[in-house]
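# Topology and contacts: notes
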Amino acid sequence: MVNSYTVNTLKFHEERCINCKRCTQVCPHGVFAEGTTRAELSRPAACMECGACALNCQAQAIEVRSGVGCAWAMISAALKGKNMD
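It should be emphasised that the depicted structure is a prediction, and the values quoted were computed from it without experimental measurement.

Tallied over the entire structure, the rule returns 1 aromatic pair. Between the aromatic rings of Phe-12 and Phe-32, the centroid separation amounts to 5.4 Å while the plane-to-plane angle is 75°, which identifies the pairing as edge-to-face. Placement of Phe-12 in strand E1 (residues 11–12) and of Phe-32 in strand E2 (residues 32–33) is noted, with a sequence separation of 20 residues between them. For Phe-32, a relative accessible area of 5% translates into the label buried.

The following block contains the structure:
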């Protein structure tokens, strides 16, 4: 079984990054940081796989399979009225 708190589906193709800074603006957990020539993947383990970064990346430098990790677990638990613990 995969531990969704330490493993995620986030993939960053830094060679495609055009430094638009959208990922740093939309990520709720600060996974990306502003770099001088491209974004930097600074906190990959903090990714909750919401998909906001990938949806807003015009260069398609970010891939993430939303609906499988922490964000989905939290939403699913809330809908079912269960505690995350």
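Read on, since the account is not over.
Another point: the nonpolar core. Within the largest apolar cluster, 14 residues are counted, with the highest numbers of intra-cluster contacts made by Leu-10, Phe-12, Phe-32, Cys-53 and Ile-62. Setting aside anything within four residues of it in sequence, one finds Ile-62 in contact with Leu-10, Lys-11, Phe-12, Cys-23, Phe-32, Cys-53, Ala-54 and Cys-57.

As for its position among the elements, His-13 is in the loop between E1 and helix H1 (22–26). Here His-13 falls in the buried class, since its relative accessible area comes to 18%. Of note is the side chain of His-13, whose polar atom sits 2.5 Å from the side chain of Glu-63. The residues contacting His-13, other than those within four sequence positions of it, are Ala-61 and Glu-63.

Further remarks concern the confidence of the model for the chain. For the chain, per-residue confidence averages 84 on the pLDDT scale, and residues scoring 70 or more make up 76% of the total. Averaged pLDDT values over the elements of the chain bottom out at 66 in helix H3 (residues 70–80) and peak at 98 in E2.

With that out of the way, let us pick up the environment of Thr-24. Tracing the backbone shows Thr-24 in helix H1. Residue Thr-24 is classed as partly exposed on the basis of its relative accessible area, which comes to 21%. In sequence terms Thr-24 and Leu-41 are 17 residues apart; their C-alpha atoms lie 9.7 Å from each other. Ignoring any residue separated from it by four or fewer positions in sequence, one finds Thr-24 in contact with Phe-32, Ala-33 and Glu-34. Within polar-contact distance, the side chain of Thr-24 engages the backbone oxygen of Lys-21 at 2.7 Å.

Rules of the game
Residues numbered from 1 in each chain as written. Predicted model: local features only at pLDDT ≥ 70, side-chain atom pairs only at ≥ 80, totals over all residues. Heavy atoms only, no water. Phe/Tyr/Trp six-rings, centres within 6.5 Å; stacked < 30°, edge-to-face > 60°. Helix = DSSP H or I, 4+ residues; strand = E, 2+ residues; numbered from the N terminus. Buried < 20%, exposed > 50% of the residue type's maximum accessible area, 1.4 Å probe, protein only. Core = buried A, V, L, I, M, F, W, Y, C linked by side-chain atoms within 4.5 Å. Contact = heavy atoms within 4.5 Å. Polar contact = N/O pair within 3.5 Å; in protein donor to acceptor, adjacent residues only side chain to side chain. pLDDT = per-residue confidence, 0-100.

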